[in-house]
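These are the residues of each chain, in order.
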Amino acid sequence: MAAEGKVTGQSQEQFLLLAKAARGAALASLIHQVLEAPGIYVFGELLDMPAVRELADSEFSPVFRLLTIFAYGTYADYLAEAANLPPLTEAQKNKLRHLSVVTLAAKIKVVALFFPEFSSHWDYLVLVTIMFPQCIPYSVLLEQLQLKNVRQLEDLVIEAVYADVLRGSLDQRNQRLEVDYSIGRDIRREELSTITRTLQEWCQGCEVVLSGIEEQVSRANQHKEQQLALKQQIESEVANLKKTIKVTTAAAAAATSQDPEQHLTELREPAPGTNQRQASKKTSKAKGLRGSAKIWSKSN
């Protein structure tokens, strides 16, 4: 694709150089070649050339009008004025159809951007624009492109994908085209104000999202500081308790003239003879029970 784009750029530059020196019928013929040349889908530079603009007021005005349709219009626009325009070759028809799909994808994208259920908050507007592909029903494409059947439509879309005009997938089950990416088309000068306003609104939406992120970061930092302070407080209280226990133990050991560590050990462990005395008591009780059992059996 990159090599193809480079070749296309070179061929477009060659056409522009030729257009500077061409006039009249030669220029009109050159425009027809540009409209048929593969890979050339942008015509703004050609339209801005003074010699091309002069065609609008000459006998070649239909050629100039055809060029403007390729730059800004669709295949439906051509059909509406076909009686007053030059006929199209098959390659020109397919190219104009490719550009029409791009225009339809852009319109579907705008509809998704301003969908009522998502228009209450700019966060959702940004997500909708990025995450969801533009879906164009087959029925709309067949009508706008004037194709006879789905097979022709799918072949046209595949051709547009290979020409790097758009990227997407054909959803045959749901009968629609899902467009993930499409090239940009030429822009009319009167559309610049609309584009500027849209970009300003987008920037405002980004500022809202950024402000929300910064607020969340600030809250997270405050929570982290609170948890650190709580941890330090607990560690300090534990250290104070250890000191208090140690001092208390030392005072009790001093009162009994014992080593503090030995005193703690005695508190934790029972005296050596205690377990032996308890074991002997249990043994004597068991013997007494066995003796009484024998006496009872004899008496019976």
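Fair warning: this is a prediction, and the values are worked out from it, not measured in the lab.

Side note on the sheet that holds strand β2 (residues 166–171)
Here we have three strands laid out as an open sheet, ordered β1-β3-β2, and antiparallel in their pairing. Since the sheet does not close on itself, it has two edges, and those belong to β1 (134–137) and β2, each with one partner. Strand-to-strand twist of the sheet, defined as the mean angle between neighbouring strand axes without regard to direction, takes the value 25°. Those strands touched by helix α9 (residues 138–145) are β1, β2 and β3 (176–182), and its axis lies near 65° from that of β1.

Concerning the packing of aromatic side chains
Here the structure, examined in full by the defined rule, presents two aromatic pairs. A ring pair is formed by F43 and F70, whose centres lie 6.1 Å apart and whose planes are at 85°; its orientation type is edge-to-face. With a gap of 27 residues between them, F43 in the loop between α2 (24–36) and α3 (44–47) and F70 in helix α5 (residues 61–72) connect regions that are remote in the sequence. A relative accessible area of 1% means that F43 is categorised as buried. Seen from the ring of Y75, R97 lies directly overhead, with NZ or CZ sitting 4.6 Å from the centre. Cation over ring: R167 sits above Y181, and NZ or CZ is 4.4 Å from the ring centre.

A closer look at the confidence of the model for the protein
Counting all residues, the mean pLDDT for the protein is 79, and 73% of those residues have values of 70 or more. pLDDT under 50 marks residues 110–131. Its contacts with residues more than four places away, or in other chains, come to 16 contacts.

Quick notes on the pairing of β3
Direction of pairing for β1 relative to β3: antiparallel, over a ladder of four bridges. Residue C135 lies in a different strand from β3, and its bridge partner there is E178. Bridge count for β2 against β3 is six bridges, and the pairing is antiparallel. Looking at β3, one finds that L170 is bridged to L177. As consecutive antiparallel partners, β2 and β3 are separated by four residues, and within that stretch Q175 has a phi angle of approximately 55°, a positive value.

About the criteria used
Residues numbered from 1 in each chain as written. Predicted model: local features only at pLDDT ≥ 70, side-chain atom pairs only at ≥ 80, totals over all residues. Heavy atoms only, no water. Pairing = 2+ DSSP bridges. Helix = DSSP H or I, 4+ residues; strand = E, 2+ residues; numbered from the N terminus. Axes fitted to C-alpha atoms, helices over the stretch in contact; angles between N-to-C directions. Contact = heavy atoms within 4.5 Å. Phe/Tyr/Trp six-rings, centres within 6.5 Å; stacked < 30°, edge-to-face > 60°. Buried < 20%, exposed > 50% of the residue type's maximum accessible area, 1.4 Å probe, protein only. Lys NZ or Arg CZ within 6 Å of the ring centre and 35° of its normal. pLDDT = per-residue confidence, 0-100.

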